[in-house]
Amino acid sequence: LTCDTYATAEEQSCIGVGPRHVCTKSFETDRGGAFEHAPGSGGPTGCREAYLTVMGDDGFLAGVLILLHTVRKYAYVDRDFVVIVSTAVTQPIIERLQEECVRVIQVDPFYQNELAQQLVAKSARYKSGYWVIKMFVWRLEEYSKLVYIDGDVYFRQSADELFCSPVSPKVPIGVTPRSSQDESAGFNAGMFVYQPNRATYEGIMQKFLSLDQDSMLATSEQDFLNAYFKGRYNLIPIDYVMKHRRMVKESKSWDLRRVHGYHMNGNPKPWSPLWRSACAYPDGHGQFIDQYESFFVEWWEYYYDYVQKAMPASHADFRLEAADDPTGVFAKWDPAKGCDQ
């Protein structure tokens, strides 16, 4: 990706990232479609581009904090940083995010949505309404371009160039391919560059709601978005934001210096004590725990940089600060029980 990212740099300070970013406690809520802003009007301070992530519950707080920290650490251009949270995210965590000087938008995925309420009872995937709030990202028409990033991504170089990915009404989304071998395999929905559009949002929801419940329960948001945008996306180099498991599986194929960020998809997450336990990995992956270790350690390096504390010499001593561990994972952790807790 190449372009003059400075040519479109914001003249005013933005909420979130950049050398002149401002600290404004911004909080908005959506109540059954009430969230409306004039297209192209910009965010609260007028910024027209933004990074964006979503939180379905309190458990992803540490991930979002380090995503923000690493984007902010390497950013040269001012842009907003937006966190869309579901109603499953508690008020203390919303306040914690506001302290980080980002724009927080709360979306109720179940408001007057009987189908969503039914799905919650049938699948843990829908418990927090994560699927619905991830689709809400197309509603932010006040921005001209956004970069959506899952909360389990961290950056090790500037992410500014992602905004160079061309998008248009005909090709509305820029993505990294799902496979390094077969472009027809579709794309990874953990990061995408896009132009928000209310009609796109309505089209996505209309298509989703036309599925029967069995199909809804069987599909992931990634598979659904691949079907919806089939043939209408622009490819970003796969090694720009790389899945850490691909880096292990295909280590000889990639130049580490080219990788701007890693997507720590699947379980375990870096902020879980289980990352050091082979039993926590999917079948066939636990045997590679030694190769995975460097990615988890790098995430923790950024965490200790964020909290401005010395990193413990022993990996066994890595732990979140209490304020960053709202579900008390580390307080409850018993190394002797391993995966049985």
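Now for a description of the structure that goes with this document. (Residues numbered from 1 in each chain as written. Predicted model: local features only at pLDDT ≥ 70, side-chain atom pairs only at ≥ 80, totals over all residues. Heavy atoms only, no water.)

### Here we look at helix α1 (residues 61-74)
- In this model α1 runs 20 Å from its N-terminal to its C-terminal C-alpha over 14 residues, within 8% of the 20 Å that 1.5 Å per residue would give.
- Counting buried residues along α1, eleven of its 14 residues qualify, which places the element largely inside the surrounding structure.
- Turning to α1, its buried residues are Leu61, Ala62, Gly63, Val64, Leu65, Ile66, Leu67, Leu68, His69, Thr70 and Val71. (Helix = DSSP H or I, 4+ residues; strand = E, 2+ residues; numbered from the N terminus. Expected span 1.5 Å × (residues − 1). Buried < 20%, exposed > 50% of the residue type's maximum accessible area, 1.4 Å probe, protein only.)

### Focus on the sheet that holds strand β11 (residues 241-243)
- Taking strand neighbours across the sheet as the criterion, the three strands line up as β7-β12-β11 in an open arrangement whose pairing is mixed. Taken across any chain shown, the strands that pair with only one partner, and hence form the sheet edges, are β7 (153-155) and β11. The sheet shows a mean angle of 25° between the axes of neighbouring strands, taken without regard to direction.
- Here β7 pairs with strand β12 (residues 261-263) via three bridges, running antiparallel. If you follow Tyr154 over to β12, its bridge partner there is Tyr262. (Pairing = 2+ DSSP bridges. Axes fitted to C-alpha atoms, helices over the stretch in contact; angles between N-to-C directions.)

### What about the state of the cysteines?
- Tallying each qualifying case throughout the model produces three disulfides.
- Linked covalently through their sulfurs, Cys23 and Cys101 form a disulfide whose S-S length is 1.9 Å. One quick way to see it: the torsion about the S-S bond of Cys23 and Cys101 is about -65°, and its sign makes the bridge left-handed. In this pair, Cys23 sits in the loop between β1 (16-17) and β2 (26-30) while Cys101 sits in the loop between α2 (91-99) and β5 (103-107), placing the two residues 78 residues apart along the sequence.
- You can call Cys101 buried: its relative accessible area is 9%.
- The disulfide partner of Cys279 is Cys339, and the gap between their sulfur atoms is 1.9 Å. Sign of the S-S torsion, about 90° for the bond between Cys279 and Cys339, identifies this disulfide as right-handed. Note that Cys279 is positioned in the loop between β12 and α9 (289-307) and Cys339 in the segment after α10 (329-332), a separation of 60 residues in sequence.
- Classification of Cys339 as partly exposed rests on a relative accessible area of 30%. (Disulfide = S-S within 2.5 Å.)

### Comments concerning the environment of Phe187
- For Phe187, the location among the structural elements is in strand β9 (residues 187-194).
- Phe187 gets classed as buried once you look at its relative accessible area, which sits at 0%.
- Taking the C-alpha atoms as reference points, Phe187 and Asn226, separated by 39 residues in sequence, lie 6.6 Å from one another.
- With residues near it in sequence (within four places) discarded, Phe187 still touches Val175, Thr176, Pro177, Arg178, Gln222, Leu225, Asn226, Phe229 and Tyr233. (Contact = heavy atoms within 4.5 Å.)

### Thoughts on the packing of α1 against α9
- Orientation of α1 relative to α9, taken along the N-to-C sense of each, is 80°, at an axis distance of 10 Å. Classified by the interaxial angle, the pair formed by α1 and α9 is roughly perpendicular. Only Trp299, Tyr302, Tyr303, Asp305 and Tyr306 of α9 make contact with α1, whose side of the interface consists of Ala62, Gly63, Leu65, Ile66, His69, Thr70, Lys73 and Tyr74.
- Considered class by class, the residues forming the contact of α1 with α9 number eight nonpolar, three polar and two charged. (Parallel < 35°, antiparallel > 145°, perpendicular 65-115°, else oblique. Nonpolar A, V, L, I, M, F, W, Y, C, P; charged D, E, K, R; others polar.)

### Notes on the packing of aromatic side chains
- Enumeration over the complete set of coordinates arrives at 30 aromatic pairs.
- With a centroid separation of 5.0 Å and 70° between ring planes, the pair formed by Phe187 and Tyr233 is classed as edge-to-face. Of this pair, Phe187 sits in strand β9 while Tyr233 sits in strand β10 (residues 233-235), and the two are 46 residues apart along the sequence.
- Exposure remark for Tyr233: the relative accessible area of 22% places this residue in the partly exposed category.
- For the ring pair Trp299 and Trp300, a centre distance of 5.2 Å and an interplane angle of 80° mean the geometry is edge-to-face. There is no split in this pair, since Trp299 and Trp300 are both buried. (Phe/Tyr/Trp six-rings, centres within 6.5 Å; stacked < 30°, edge-to-face > 60°.)

### Quick word on α2
- Turning to α2, its buried residues are Ile93, Ile94, Arg96, Leu97 and Gln98.
- Residues of α2 that are buried sit in contact with β2, β3 (49-55), α1, β4 (79-86), β5 and α9.
- Looking one or two places after α2, you find Cys101, whose phi comes out positive at around 65°.

### Here we look at the pattern of salt bridges
- Going through the model one piece at a time under the given rule, you end up with 19 salt bridges.
- Notably, a salt bridge pairs Lys73 with Asp305, separated by 3.1 Å at the nearest N-O pair. On the criterion of sequence distance, the pair formed by Lys73 in helix α1 and Asp305 in helix α9 is long-range, its members being 232 residues apart.
- When its relative accessible area of 42% is taken as the criterion, Lys73 is described as partly exposed.
- Classification of Asp305 as partly exposed rests on a relative accessible area of 33%.
- Salt-bridge contacts for Arg178 lead to Asp223; the nearest nitrogen and oxygen are separated by 3.0 Å. Of the two residues, Arg178 is situated in the loop between β8 (173-177) and β9 and Asp223 in helix α7 (residues 221-228); the sequence distance between them amounts to 45 residues. (Salt bridge = Lys/Arg side-chain N within 4 Å of Asp/Glu carboxyl O.)

### A closer look at the pairing of β4
- Judged by how many residues are buried, β4 sits mostly within the fold: eight of eight residues are covered.
- When β1 meets β4, the two strands line up antiparallel, connected through two bridges. Bridge pairing in β4 links Gly16 to Asp80.
- Pairing of β3 with β4 involves six bridges; the strand directions are parallel. Bridging from a neighbouring strand, Ala50 pairs with Asp80 of β4.
- Considered for its hand, the β-α-β crossover made up of β3, α1 and β4 is right-handed.
- Sheet topology note: the β4/β5 ladder contains five bridges and is parallel. Within β5, the position partnered with Ile84 by the bridge is Ile105. (Right-handed = clockwise from strand over helix to strand, strands pointing away.)

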